[in-house]
Every structure is written in C-alpha cells, then in structure tokens.
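Structural overview for review
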Amino acid sequence: MNVSEAQRLRVVLRDLYRAALAGVDPKRSTANALMPPAVAGFLASGRRLGIFAVGKAAAGMLEGAPRGDRALAILPKGYPPPRRGSVEALFAAHPFPDVSSIRAARRALAFFRSFSEEDVILCLLSGGASSLLCLPRPGITLAGKRAAVARAIASGASIVEINRLRKRLSAVKGGKLGRATRARLATLVLSDVPGDDPAIVGSGPTIRSRSRSRSRRGDLVAVVASNRAGLLAAAEWARGRGMKPRVVARRLEGEAREAGRRFARAARQLPPGAVLLAGGETTVTLSTRPGKGGRNLELALAAATELDGHPGVALLAAGSDGIDGSSRAAGAFADGRTIQRARDRGLDPDEALRRHDTEPFFAELEDLFVTGPTGTNVCDWVIAIRASRA
C-alpha cells in the first residue's frame, strides 16, 4: 500500500467516524424520543416543566428538548455553553471531580427540591455526569472518593464497576438526586455503558427505580441513543458508497491491547472493499508511572503490531466524545506500515505499550486523530477497512 492509498483510506475512516457521530446526534436523538404522544403527554401533564441536563451531551440534548419553565445544565469545563438562552449553566470537573462538581451537585439538589408533585422534570442524562455531579455521602471526603475511584480506574475496572462504586460513595447518585423531589421525572439517556442500563449511565442520579421504562412513581425512562446506533449509522454510510460493512456483534471490552490485537487479526481477514466496525469500552491496567495516552491509543498501537507487514488494511480507534484518557486526541490511525515507520524514526512500540506512553508515539508519526470535544458520549468505536486493491 503506497502513501497515497494510505491517505485515501484515512479519509474514509474519518468519514466513517463522522457518520457514526451523526447517528447518535444528541439533538436529533432527543427530539425523536419526545415525539411519541405518550411522552409528549407526560411532559404536558405537569403544572410546571423543569429541564435538567447533565453530561458531555447536555448542550445538544437541550436543543432537542422543549423549553420548559426553568432549565439547569451542567457541563464539563471547557465545553461551549448551551446555545439556547434562559438556561442556567454550570461547569464542573471531568474526569475527576473537584469543588466545582460539589457546587454543581448542591445546585442540582436545590433545583429538584424546588418542584412539587404537580410538576414534571425532564432529565437529560449522558456520560460524564458521574464526575460533574459529586457530593460524597456523610463520612466520605472528596479526596477519599477521588482516591477510591482513581484506584479502580488504574486497576482496569470496567465502567460498570466504577459507576457502582461511585453510587456507594455518593449522596446524589443511584437515584438519590431524583428522590430529592416529589415531581414526576422523565429521564432520557444517551448511553455510554454496556447493556445500555439507564441506572448505570452517569451513575443514574435521576433513576428512582430499577425499571427501564416506568417506575412505581410514574416516572418515564428511555435510552435515546447508544454505541450500536453509531455503528449501524456508519455501516449504512459505507453500504451507500459501495463498501461491504460488517458490525462485530461482541462489544469491545477487556484490556485495550488484547482487544486491539483481536480486532486487527479479524481485520486482516477482510476481503477487498470491506469495512469492519466494533464498539464498546476497553480498559487499561496502568503501571506505576504511566506516560500520556488512553485506551484507544493503546488499542491502536497493539493493533498495529498485528497489522505489521500486512498491506492494504488501515484502522481508526477513537472515542465518541473526542477525548482519550490523558491525551489530547480522540484516538489514532494504524496500518500495516505503522510499526516500520516507527522503527525508522527510532521509536520502540513495545516500550510505548509497556509505559502506556502512546500519545508521543503516534504524535511523532503524525497519526493522532484529534477532534476536540464532540458534544456526545457513547463510548468508543474501532473501524477497519481493506483497500479495494492491495
């Protein structure tokens, strides 16, 4: 595969990622979920309608929602504010909470307590909410909670395990924020967790029951978009351009480097013009002094070792939120030439993997995929393509 063909495949991979993003657009997904008469009637049945949005997709989800009587949005620091006026917007820390996260949680509690049993609150929940809303339960300090979560992340715990830990340590997660009000709740969820369980997304602050559709209190709960919706949208885009897509049924999970090697081995078997798509969230068990990187960069580098010397196949591993771990990138590109190009520049892929120092490796090769915050969050996508001609 020559340089021009490699660049062409990179453009196609970037377009496939964008098609996946479009498939989980927060504004459109929220608006579509509000169209059924039963949902619209539920929102219209209250004396007052409050709108509460929290997470990386809060601004986009707000755009697809009705205006309501009062609205509160909580977003990560550095994200643009909601374009809609008359919304109270707070910015809190992510991925680790700080005092701004505590202020946001207390403001959210006051917001919920201001509504009565005659009112309805529309809750728009997306990934990132766990850090943005942080109020440790009595007897737990912020430093203690941060340390406990950091240990779980460094050990390679899954997002489900981490969010369950967060619930146990919190005064607002696990439905506790929702139980602060007597109003009825409608929670729409943009899912970034395995199984799309609304009670796990953002640690479920407004999910007062384990029911996925309607609780005993009359609340509504619905998932409006998920990782798989993005995969299917990318597959449709590929199909419309004459490519042959295949979506991997098994969700990406486990150690990033092992998942990367498995995916690359499958990608090596692709016929010409075929696309392989997978989604999920892997983990990285960190060493004592890790470098700069993330699970997608680690997955891409491990995949590159499996693709080494196999021409015609290229892949992109990237986070849907535009952020990968401690790096500035969403992810990285890799192909059958990546490892040889690295060695020609004196880079050691094994050392980069051992030290979890993958951002400098891909930066030197100019293979980082940098998007900035995308305004959504449904975990990660890995996409591979084989050229129509080798």
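All of these numbers come straight from a predicted model, not from anything done at the bench.

When you go through the protein chain residue by residue, the secondary structure sums to 14 helices and 12 strands. The C-alpha radius of gyration of the protein chain comes to 21 Å, within 12% of the 21 Å expected for a compact globule of 390 residues. Each of the three principal axes of the protein chain carries a C-alpha extent, and together these read 65 × 45 × 35 Å. Taking the intrachain contacts of the protein chain between residues at least 6 apart in sequence as the baseline, contacts between residues at least 24 apart amount to 75%. Of note, the protein chain has its 61 positive side-chain charges centred 6 Å away from the centre of its 36 negative side-chain charges.

Turning to the side chain of T358, a few remarks are in order. Among the secondary structure elements, T358 is positioned in helix α14 (residues 358–365). Look at T358 and you get buried, because its relative accessible area is 0%.

A few words now on the pairing of strand β7 (residues 244–247). Strand direction decides the pairing type here: β7 and strand β8 (residues 274–280), joined by four bridges, are parallel. Counterpart to P245 in the pairing with β8 is V275. Following the backbone out of β7, through helix α10 (residues 256–267) and into the adjacent parallel β8, one traces a crossover that is right-handed.

Attention shifts here to the packing of helix α1 (residues 3–23) against helix α9 (residues 227–239). Across the interface, α1 lies against α9 with an axial gap of 7 Å and an inter-helix angle of 130 degrees. Between α1 and α9, the crossing angle belongs to the class labelled oblique. Of the two elements, α1 crosses α9, and the hand of that crossing is right-handed. On α9, the residues that touch V12, D15, L16, A19, A20 and G23 of α1 are A229, G230, A233, A234, W237 and A238. Class assignment for the residues of the contact of α1 with α9 results in nine nonpolar, two polar and one charged.

Before going further, it helps to examine the packing of helix α11 (residues 295–307) against α14. Angle between the axes and distance between the axes are the two parameters that describe a pair of packed helices. Where α11 contacts α14, the axes come no closer than 9 Å and their chain directions differ by 65 degrees. α11 and α14 meet at a crossing whose hand is left-handed. Residues L297, E298, A300 and L301 of α11 touch α14, and the partners they reach there are T358, E359, F361 and F362.

What the six strands build is an open sheet, ordered β3-β2-β1-β4-β5-β6; its pairing is parallel. The open sheet is flanked by β3 (88–92) and β6 (220–225), the only strands paired with a single partner. Ignoring which end each strand starts from, the neighbouring axes of this sheet average 15 degrees apart. Of the strand pairs in this sheet, strand β1 (residues 49–54) and strand β2 (residues 70–76) are connected by five bridges, and their pairing is parallel. Bridge assignment links V54 to a residue of β2, and that residue is I74. Against the sheet, helix α3 (residues 37–44) touches β1, β4 (120–126), β5 (184–190) and β6, its axis set at about 135 degrees to β5.

It is worth spelling out α10 at this point. Because each turn of an α-helix spans 3.6 residues, side chains separated by three or four positions end up pointing in the same direction. End to end, α10 covers 16 Å across 12 residues, agreeing with the expected 16 Å (1.5 Å per residue, within 8%). Taken together, the buried positions of α10 are occupied by A256, A259, G260, F263, A264 and A267. Mapping the buried residues of α10 onto a view down its axis gives an arc of 130 degrees, with all of them on the same face. Buried residues along α10 sit in contact with β8, α11, β9 (313–319) and β12 (380–386).

According to the stated counting rule, one finds zero disulfides in the structure shown. Free cysteine: C123, not disulfide-bonded; nearest cysteine sulfur from C134 at 19 Å. The exposure class of C123 is buried, given its relative accessible area of 1%. C134 gets classed as buried once you look at its relative accessible area, which sits at 0%.

Bringing the pairing of β8 into the picture now. For β8, the buried fraction is high: seven of the seven residues fall into the buried class. Summarising the sheet, β8 and β12 pair through six bridges and their orientation is antiparallel. Paired with G280 across the two strands is D380, which belongs to β12.

So, on to unusual backbone geometry. Following H94, the chain continues to P95 via a peptide bond in cis, the omega torsion being 10 degrees. Of note, P95 is situated in the loop between β3 and α5 (99–113). One non-glycine residue with positive phi stands out, namely E366, at about 60 degrees. Mapped onto the secondary structure, E366 falls in the loop between α14 and β11 (368–369). Owing to a relative accessible area of 64%, E366 belongs among the exposed residues under this scheme. One non-glycine residue, C379, adopts positive backbone phi at about 75 degrees. Looking at the element boundaries, C379 is found in the loop between β11 and β12. For C379, a relative accessible area of 2% translates into the label buried.

Thresholds applied
- Residues numbered from 1 in each chain as written.
- Predicted model: local features only at pLDDT ≥ 70, side-chain atom pairs only at ≥ 80, totals over all residues.
- Heavy atoms only, no water.
- Helix = DSSP H or I, 4+ residues; strand = E, 2+ residues; numbered from the N terminus.
- Rg over C-alpha atoms; globule rule 2.2 N^0.38 Å.
- Contact = heavy atoms within 4.5 Å.
- Lys, Arg positive; Asp, Glu negative; His and termini not counted.
- Charge placed at Lys NZ, Arg CZ, Asp CG, Glu CD.
- Buried < 20%, exposed > 50% of the residue type's maximum accessible area, 1.4 Å probe, protein only.
- Pairing = 2+ DSSP bridges.
- Right-handed = clockwise from strand over helix to strand, strands pointing away.
- Axes fitted to C-alpha atoms, helices over the stretch in contact; angles between N-to-C directions.
- Parallel < 35°, antiparallel > 145°, perpendicular 65-115°, else oblique.
- Left-handed = near helix turned anticlockwise from the far one by under 90°.
- Nonpolar A, V, L, I, M, F, W, Y, C, P; charged D, E, K, R; others polar.
- Expected span 1.5 Å × (residues − 1).
- Arc of directions from axis to C-beta.
- Disulfide = S-S within 2.5 Å.

In short, shape yes, function no, at least from these values alone.
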